Amino acid sequence: MVQERGTLFDPVLVTDLVSKVQGKSSLARLSGQTPIAFNGQKEFVFTMDSEIDVVAESGKKTHGGISIAPRTIVPIKVEYGARVSDEFVFATEEERINILKAFNDGFAMKLSRGLDLMAFHGVNPRTGTASTVIGDNNFDAAVDQAVEAPLGIEDANGAVESAIAMVEGGNVTGMAIAPSLRSALAGQTRTDGTPMFPDLSWGNAPATINGLAVDVNKTVSDMATNNERAYVGDFQSGFKWGYAKQIPLRVIEYGDPDNSGFDLQGYNQVYLRAEAYLGWGILAPESFARITEATV
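Here the residue numbering is sequential within each chain, running from 1 through the sequence in written order. Residue-level local features of this predicted model are given only where pLDDT is at least 70; pairs of side-chain atoms are given and counted only at 80 or more, and the full residue set underlies all totals for whole chains, interfaces and linings. Hydrogens are left out, water is left out, and the side-chain values use all remaining heavy atoms of the structure.

S.K.: Please clarify how the overall build of the protein chain should be interpreted in this entry.
M.R.: Assigned secondary structure in the protein chain consists of eight helices and 15 strands. Considering only contacts in the protein chain between residues 6 or more positions apart, those separated by 24 or more positions represent 78%. Values of accessible area rely on a 1.4 Å probe in the Shrake-Rupley scheme; residue burial ignores everything except the protein chains shown. Accessible surface for the protein chain amounts to roughly 15,700 Å². Of this, 51% is attributable to carbon and sulfur atoms. Working definition: helices are DSSP H or I runs of at least four residues, strands are E runs of at least two. Numbering for both runs from the N terminus. Pairs of residues are marked as contacts when any of their non-hydrogen atoms sit within 4.5 Å.

Structure (structure tokens):
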């Protein structure tokens, strides 16, 4: 029987973890992280049907109207584990902290990439296949507005402009793009032959283009459902994500917890397993548009 010794990530490590995820995930960088209730929570999207009304002194007020569309955000458990030498158990406190910091760095990279892959494409990052747990709670399934660009995306700027025009209300706060679209934009020139986006030269990936927040990330195209190359829209108000609880860390000393066929004690190893509860919601799918690349 596998015996486990449980603990929690140190608060400093948790803060560092969240910071690293926000620095590597396109969705985390373009939107705001907010705490998510462990049992899930409802976010209410209010739509005011009319404009404000001018009322004269002693004048009659009229009904403006409001529409409410609740969106439920339910956290999903994700985990990552790794084998390390059993020196972890016998090492000094300082050395154990160093090992946990290294594990924390790796876990942050996997969480940040995983958040994008799950919320963009609805896949299980480990297998790359559609997840029934995630269902349609992803941009590829929820966002109907899409621009299909020809193979090679010769008019990358035109594709972006068309996608922006599709966003309902026109409130665009950010864009996540694949490296291939970044390259296509870098190759765009003006009528006089000068680069349209000189900041993109030599592989640069600036934080903004023409004043719009932009993040270049392979997660946009990796495991994409419909050959997606970019997502543009209101990431500040139309999308929310967050952690649902503290992040537990287990040091497993016995058994074969990763089903690799190698007993931990037989190989002088222990197994570090971390779990996190991530929740996200696309509150307003109409506030986003996708750019896809034709396959033929």
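S.K.: Would you take a moment to explain the pairing of strand S10 (residues 212-216) for this structure?
M.R.: As a general feature of sheets, a regular strand has side chains that alternate between the two faces. Two strands make a pair as long as DSSP finds a minimum of two bridges between them. Where strand S8 (residues 174-177) lies against S10, four bridges are found, and the strand directions are parallel. Residue Ile 177 lies in a different strand from S10, and its bridge partner there is Val 216. With two bridges joining them, strand S9 (residues 208-209) and S10 adopt antiparallel strand pairing. Bridging from a neighbouring strand, Ile 209 pairs with Leu 212 of S10. Hairpin remark: S9 followed by S10, antiparallel, with two residues in the connecting loop; positive phi at Asn 210, about 55 degrees.

S.K.: What's the story with the packing of aromatic side chains in this structure? I'm lost.
M.R.: Each aromatic ring pair is characterised by the separation of its centres together with the angle its planes make. In this scheme Phe, Tyr and Trp rings, the latter by its six-membered ring, pair at centre separations within 6.5 Å, and the angle between planes marks the pair as stacked below 30 degrees, edge-to-face above 60, and tilted otherwise. In this structure the tally under the stated criterion is nine aromatic pairs. Residues Phe 262 and Tyr 267 carry aromatic rings whose centres are separated by 5.1 Å and whose planes lie at 85 degrees to one another, so their mutual orientation is edge-to-face. When its relative accessible area of 42% is taken as the criterion, Phe 262 is described as partly exposed. Three or more aromatic residues joined by ring pairs make a cluster, and in this case those are Phe 120, Phe 139, Tyr 231, Phe 235, Phe 239 and Phe 288. Here the term buried applies to any residue with accessible area under 20% of the maximum for its type, exposed to any over 50%, and partly exposed to those in between, with areas from a 1.4 Å probe on protein chains only.

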